[in-house]
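# Architecture at a glance
Below, each chain spelled out in residue letters.
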Amino acid sequence: MNKEIPPLGAYVIDTRTDRVGQVITVTGDLLHLHPPGGGAGWDCPVDSIEVTALRIYLRARVIEANLMRRLV
């Protein structure tokens, strides 16, 4: 394993698919990610992630906030 494991709740990019996901669980060197707006999660090896830039993180948070506003 070459990369540091991000903390739970962090947003990362799955470099295999360019999808942004939030780290939900960590099992060994495998991360379980969920998309910011909800939907099916997926597994990604730690070696295939990149920590997100601030603008990507903020965009993901806006999607989450909009989703929560619709649920209220």
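Here, every reference points to the structure presented above.
These numbers were taken from a predicted model, which means no experiment stands behind them.

Parameters and conventions
- Residues numbered from 1 in each chain as written.
- Predicted model: local features only at pLDDT ≥ 70, side-chain atom pairs only at ≥ 80, totals over all residues.
- Heavy atoms only, no water.
- Pairing = 2+ DSSP bridges.
- Helix = DSSP H or I, 4+ residues; strand = E, 2+ residues; numbered from the N terminus.
- Axes fitted to C-alpha atoms, helices over the stretch in contact; angles between N-to-C directions.
- Buried < 20%, exposed > 50% of the residue type's maximum accessible area, 1.4 Å probe, protein only.
- Contact = heavy atoms within 4.5 Å.
- Salt bridge = Lys/Arg side-chain N within 4 Å of Asp/Glu carboxyl O.

### Concerning the sheet that holds strand 5 (residues 49-51)
- Read across the sheet, five strands follow the order 4-3-2-1-5 without closing on themselves; strand pairing throughout is antiparallel. This sheet does not close on itself; its edge strands, each paired only once, are strand 4 (42-45) and strand 5. Each strand axis lies, on average, 50° off the axis of its neighbour in the sheet, ignoring direction.
- In terms of strand pairing, strand 1 (residues 11-14) meets strand 2 (residues 19-27) through four bridges, oriented antiparallel. Opposite Asp14, over in strand 2, you have Arg19 as the bridge partner.

### Some details on the pairing of strand 4
- Here strand 4 shows a buried face lined by Trp42 and Cys44 and an unburied face lined by Asp43 and Pro45.
- Bridge count between strand 3 (residues 30-34) and strand 4: four bridges; the pairing is antiparallel. Bridge pairing in strand 4 links Leu31 to Cys44.

### Observations regarding the side chain of Asp14
- Relative to the helices and strands, Asp14 resides in strand 1.
- Accessibility expressed as a relative area gives 0% for Asp14, which makes it buried.
- With residues up to four places along the chain from it excluded, the contact list for Asp14 reads Arg19, Trp42, Cys44 and Ser48.

### Notes on the environment of Ile24
- Of note, Ile24 is situated in strand 2.
- Along the chain, Ile24 and Gly41 lie 17 residues apart, while their C-alpha atoms are 9.0 Å from each other.
- Residue contacts for Ile24: discarding those within four places in its chain leaves Leu8, His32, Leu33 and His34.

### Looking at the pattern of salt bridges
- Under the counting rule described, the total for this entry stands at two salt bridges.
- For Asp14, the salt bridge is made with Arg16, and the minimal N-O distance between the two is 2.9 Å.
- As a salt-bridge pair, Arg61 and Glu64 come within 3.7 Å of each other at their nearest N and O atoms. Of this pair, Arg61 and Glu64 are both found in helix 1 (residues 54-71), three residues apart, which corresponds to roughly one turn of the helix.
- Here Arg61 falls in the partly exposed class, since its relative accessible area comes to 40%.

### Looking at the pairing of strand 1
- By the alternation rule, side chains of strand 1 split into Tyr11 and Ile13 and Val12 and Asp14, which are all buried.
- Connecting strand 1 to the next strand, strand 2, in antiparallel fashion are four residues, including Asp18 with a positive phi near 60°.

Geometric descriptors of this kind do not, in isolation, establish any biological role.
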